[in-house]
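Spelled out from the first residue to the last, the chains are:
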Amino acid sequence: MRKTLTILLSITITLGILLSACQTTTAIEEPAITVVVSNVQSGCVADYEVAVDYFPNKAQVEYAQGFRIEYYSNYKVLTVLQPWSGAEEPFSYVLVQCGTPAPENTDGALVVEVPIQSIVTMSTTYYPHLESFGKMDTLVGVDDTTYAYNETVQALASEEKIAIVGGGAGGGAVNVEALLDLGPDVIMTSASGIPDYDSHPKLIEAGLPVVINADYLENTPLGRAEWGKFIAAFYNLEAEAETLFTEVASRYEALTALTDSVSEKPSVFTNTDFQGSWYVPGGQSYAALLLKDAGAAYFWADDSGTGSIPLSFEEVFDTAKEADFWLNVGFASDLSGLLAMDERYTEFKAFQTGNVFNYNKRVNMNGGMDYFESGVANPDLILADLIAIFHPELLPEHEFVYYQQIQ
Amino acid sequence: MAEEVEKNKTLTRPLPPIRWWMFSLLFLGVLIAFTASLALGSVDIPLNNVFRILTGQIADKGTWADIILIFRLPKTITAILVGAALSVSGLQMQTLFRNPLADPFILGVNSGASLGVALVILGFGTTGSLLLAGLGLFGDLSLAVAASLGAGAVLLLVLLIGRRVRSPITLLILGLMFGYATSAIVSLLIYFSLPERIQTYTTWSFGSFGGVTWSQLWVMVPVILTGLGISYFLPKSLNALLLGEEYARTMGLNIKRTRFWIILGASLLAGTVTAFCGPIGFIGVAVPHLCRSLFNTSDHRVLLPAVTMMGAIIALLADVIAQLPGTQYILPINVVTSLFGAPFIVWVIIRQRRMKSTFAD
């Protein structure tokens, strides 16, 4: 009995492999099972069949804490567990394969037909993902281009091929009328939970398909990068996103492994004072974790916070006067610019030895830094920069991407 | 007629018995607050070490001397200057406009300063940093220079227009309008700016003594002393104004000239403070009331030195509380002055009724 079953199974599998080689969606005569070999990447399904799994490529979320994807035969449910810091309820989105019926009870969740063909973005952190998926041609509008580093976006904007609709962090209030006119499949935005700043309440009210992306709330570099899979779900590009992310993650892990064995961990502090207040990143924050993985000794690494800690200048001075490195000095592009902010910076050893680095190597004409844009999708590149700063002997051939030494 | 005689009596009566013990107490208070401000902070430095450092001896830990000499001492001196300047400025404005709610910024100097700072911080992307670089001429004064330029521009406008208008109420409304216009521009800049830049601007607007360095004090000290100097020449004119402009005029007071000097002195003080420390509220309104109540007088010959010292004490204490001694954290100055100061001042004023007799016509 068991033998018969095994034989039957192997026949089925062989059939399946043969069929996938043909790259077709064919129904087998007997029994009636349709095999779809990959997610539909353009257009709709012509003949919907109940028994078919239309999403054979499924995303596995490993690092990101903020979202979840559940797959059903012809739709998937994307849940943003924490749309903003302190949010009480998750937001869910039902992504239905185009050409198939939407589930009946969606409990008020937004229903989006996928793959989508047009998107409006309200954060620059989505550009690198769209770019690597080859989906920049679906971008029909953005919040603002002043601080965008991405060259494709700048080119599209100057050719007036994309609409500027406001509503992001730096673009003023959202232009609901322009968005209604544009009619995109999805408007992706971040949310703060403060109604005066957020665009999504107005957009929901207008019946527009707004999706909240909470990538910035992830505290781990890889968690933040993994939101690429969230965006990919709207294009049925799970397989591509998985490949890309796995590469980033394995490079990141390999780099972290490089610094595991370093004996000397140089001490480092970050940011600058402003009028007596010095905000340093908490020990479990994105910035602090990058420093830890790069094999540096960050002074506030034992702090349990994920946000920033407001300190006094004298506290930072007392702690970090003899520190080896000083990083992330904000808007300053040279040492004299730093001195112009406060002459007391000369007292730091790192300033005297010139070990001051900033993430402003790639910056656009308005001061928009690519570190905050493509850096989010490429934490391995940031980490490589940091390792080259702290342990140049580990990466002797490294060319800096985001960081540069301040002269 | 009887009223006239009464007023005459008020004006010409001899200096009220100066309570020397009260002034001595105030001075002692300044000394204690000064020491507390130097000795307390987020880094724990024992008092004997503070004295050793101040007298040029070696401290137990190397960074302590730096902390006292390049962080706390300039901050403490700044607090004294700010407290004195705002209180004196507020006192003069309250008298000039005969309005208990008048503060040092009533003529719009801090709106001007805010606009200057907003242009630099929120300005047009790197245009702002270019502006900063352009101001490199002034060395480390960049933000302060922008704020001074803004405050100075408003002051100049007020002085020019002040020569043409008769009523101080007109000036008051002008100041209000400057405020609306500049805050509209600031709002516009905020509207189109990045969150981190907005945060920087917001931090500035919370006020702080800690951002002032020694080289900035070289500018701040002479300007504040000039402003205080002007004010100390005016107590008799201020007393006369308290009785109404008409009356002061009959006393032979040159109203226009007096008004010019009051506005110049008070705005110089308020503008300088805002330029270096951000808009610091509360002290300028509250300290004059507090001193009127404590000294039970509205005579400016008593009030001027009293508010100078009381302002310094309040500013120093606010700074000590803001540093939250023993913790790593610090609070914005405006939070402390308003949150801790307001209930106290309310209590003092309710107990006394000097305000009514000062401002009632």
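Residues numbered from 1 in each chain as written. Chains lettered and ligands numbered in written order. Predicted model: local features only at pLDDT ≥ 70, side-chain atom pairs only at ≥ 80, totals over all residues. Heavy atoms only, no water.

1. With respect to the confidence of the model for chain A
In step 1: Residues of chain A with pLDDT of at least 70 account for 90%, and the chain-wide mean is 88.
In step 2: In this model, residues 15–31 of chain A is a region of pLDDT below 50 whose contacts with residues beyond four sequence positions or in other chains number 16 contacts. (pLDDT = per-residue confidence, 0-100. Contact = heavy atoms within 4.5 Å.)

2. Notes on empty space enclosed by the protein
All names here are of chain A.
In step 1: In the structure shown here, the tally under the stated rule is two cavities of 30 Å³ or more.
In step 2: Forming the boundary of the second largest cavity are Ala287, Leu290, Leu291, Asn328, Tyr371, Leu386 and Tyr403.
In step 3: In terms of residue count, helix 9 (residues 286–293) provides more of the lining of the second largest cavity than any other element does, three residues in total.
In step 4: Tallied by class, residues from the lining of the second largest cavity come to six nonpolar, one polar and no charged. (1 Å grid on protein atoms, 1.4 Å probe; cavity = no way out; pocket = protein on both sides within 12 Å on 5 of 7 lines; lining within 4 Å. Points joined across faces, edges and corners; volume = space filled by probe spheres on them. Helix = DSSP H or I, 4+ residues; strand = E, 2+ residues; numbered from the N terminus. Nonpolar A, V, L, I, M, F, W, Y, C, P; charged D, E, K, R; others polar.)

3. What to know about the interface of chain B and chain A
In step 1: With 43 residues of chain B at the contact, the number on the chain A side is 32 residues.
In step 2: Per-residue buried area on chain B facing chain A is highest for Phe71, Gln328 and Ile330 of chain B; these three make up 19% of the total on that side.
In step 3: Put simply, chain B and chain A have three salt bridges between them.
In step 4: Between Asp66 of chain B and Lys321 of chain A there is a salt bridge, and its shortest N-O distance comes to 3.8 Å.
In step 5: On the surface where chain B and chain A come into contact, there are ten residue pairs in polar contact (both at pLDDT 80 or more).
In step 6: Elements with a minimum of two residues in the side of chain B that touches chain A: helix 4 (62–96), helix 7 (142–162), helix 9 (195–206), helix 10 (214–232) and helix 13 (255–277) of chain B.
In step 7: In terms of residues, the side of chain B that touches chain A owes the most to one element, helix 4 of chain B, which gives nine residues.
In step 8: Per-class residue counts for the side of chain B that touches chain A are 19 nonpolar, 17 polar and seven charged. (Buried area = accessible area lost by both parts, 1.4 Å probe. Salt bridge = Lys/Arg side-chain N within 4 Å of Asp/Glu carboxyl O. Polar contact = N/O pair within 3.5 Å; in protein donor to acceptor, adjacent residues only side chain to side chain.)

4. Let's talk about the packing of helix 10 (residues 313–320) of chain A against helix 4 of chain B
In step 1: One can describe the packing of helix 10 of chain A onto helix 4 of chain B by two numbers: an axis separation of 10 Å at closest approach and a directional angle of 165°. Between helix 10 of chain A and helix 4 of chain B, the angle is such that the two are roughly antiparallel. Both helix 10 of chain A and helix 4 of chain B take part in a crossing whose hand is right-handed. On helix 4 of chain B, the residues touching Phe313, Glu314, Phe317 and Asp318 of chain A of helix 10 of chain A are Thr63, Trp64, Asp66, Ile67, Ile70, Phe71, Arg72 and Lys75 of chain B. (Axes fitted to C-alpha atoms, helices over the stretch in contact; angles between N-to-C directions. Parallel < 35°, antiparallel > 145°, perpendicular 65-115°, else oblique. Left-handed = near helix turned anticlockwise from the far one by under 90°.)

5. Considerations on the sheet that holds strand 2 (residues 75–80) of chain A
Residue and element names in this part refer to chain A.
In step 1: One open sheet accounts for four strands, arranged 1-2-3-4; its pairing is mixed. Each having just a single partner strand, strand 1 (67–71) and strand 4 (110–114) make up the two edges of the open sheet. For this sheet the average axis-to-axis angle between neighbouring strands, irrespective of direction, equals 25°.
In step 2: Here strand 3 (residues 91–97) runs beside strand 4; their pairing, made up of five bridges, is parallel. Each bridged residue has a counterpart across the sheet, and for Val96 the counterpart in strand 4 is Glu113. (Pairing = 2+ DSSP bridges.)

6. What to know about the confidence of the model for chain B
Residues and elements named next belong to chain B.
In step 1: Looking at chain B, the pLDDT average stands at 81 and 86% of residues meet or exceed 70.
In step 2: The least confident element of chain B, judged by mean pLDDT, is helix 6 (residues 126–134) at 42; the most confident is helix 15 (residues 300–322) at 93.
In step 3: Confidence over residues 1–5 falls short of pLDDT 50; this stretch has one contact with residues more than four positions distant or in other chains.
In step 4: Across residues 124–141, confidence stays below pLDDT 50; counting only partners more than four residues off in sequence or on other chains, it has 24 contacts.
In step 5: Here the predicted complex scores 0.78 on pTM and 0.71 on ipTM.

7. Thoughts on unusual backbone geometry
Residues and elements named next belong to chain A.
In step 1: Residue Pro115 follows Val114 across a cis peptide bond; omega there is 0°.
In step 2: Relative to the helices and strands, Pro115 is located in the loop between strand 4 and strand 5 (119–121).
In step 3: The backbone of Glu160 shows a phi angle near 55°, a positive value even though the residue is not glycine.
In step 4: In this structure, Glu160 sits in the loop between helix 3 (151–158) and strand 7 (163–164).

8. Concerning the environment of Leu203 of chain A
All names here are of chain A.
In step 1: Secondary-structure assignment places Leu203 in helix 5 (residues 200–205).
In step 2: A relative accessible area of 0% places Leu203 in the buried class.
In step 3: Between the C-alpha atom of Leu203 and that of Ala377, which follows or precedes it by 174 residues, the distance is 27 Å. (Buried < 20%, exposed > 50% of the residue type's maximum accessible area, 1.4 Å probe, protein only.)

9. Focus: the side chain of Asn334 of chain B
Residue and element names in this part refer to chain B.
In step 1: By secondary structure assignment, the location of Asn334 is in helix 16 (residues 333–351).
In step 2: Asn334 gets classed as buried once you look at its relative accessible area, which sits at 16%.
In step 3: In terms of polar contacts, Asn334 uses its side chain to reach the backbone carbonyl oxygen of Pro279, at 2.8 Å.
In step 4: There is a polar contact of 3.0 Å between the side chain of Asn334 and the backbone nitrogen of Gly281.
In step 5: Sequence-distant contacts of Asn334, defined by excluding residues within four places in its chain, comprise Ser205, Phe206, Gly207, Pro279, Ile280 and Gly281.

10. Concerning the sheet that holds strand 13 (residues 297–298) of chain A
All names here are of chain A.
In step 1: The five strands lie next to each other as 13-10-15-16-17, forming an open sheet whose pairing is mixed. The outermost strands of the open sheet, each flanked by one partner alone, are strand 13 and strand 17 (404–405).
In step 2: Sheet topology note: the strand 15 (residues 325–327)/strand 16 (residues 356–358) ladder contains two bridges and is parallel. The partner of Trp326 across the bridge, within strand 16, is Val356.
In step 3: Contacting strand 10 (267–270), strand 15 and strand 16, helix 14 (residues 379–390) crosses the sheet at an angle of about 155° to strand 15.

11. Things to note about the domain arrangement of chain A
Residue and element names in this part refer to chain A.
In step 1: When the domains of chain A are assigned, the result is domain 1 (67–248) and domain 2 (262–405).
In step 2: On a C-alpha basis, the centres of domain 1 and domain 2 stand 30 Å from each other.
In step 3: At the interface, 20 residues of domain 1 touch 20 residues of domain 2.
In step 4: Surface buried jointly by domain 1 and domain 2 totals about 1600 Å² across both partners, of which 64% is contributed by carbon and sulfur atoms.
In step 5: Counting every contact that joins domain 1 to domain 2 gives zero salt bridges.
In step 6: Where domain 1 meets domain 2, there are five residue pairs in polar contact (both at pLDDT 80 or more).
In step 7: Elements with a contribution of two residues or more to the side of domain 1 that touches domain 2: helix 2 (127–132) and helix 6 (221–225).
In step 8: In terms of residue class, the side of domain 1 that touches domain 2 is built from nine nonpolar, nine polar and two charged. (Domains from an automatic or database assignment.)

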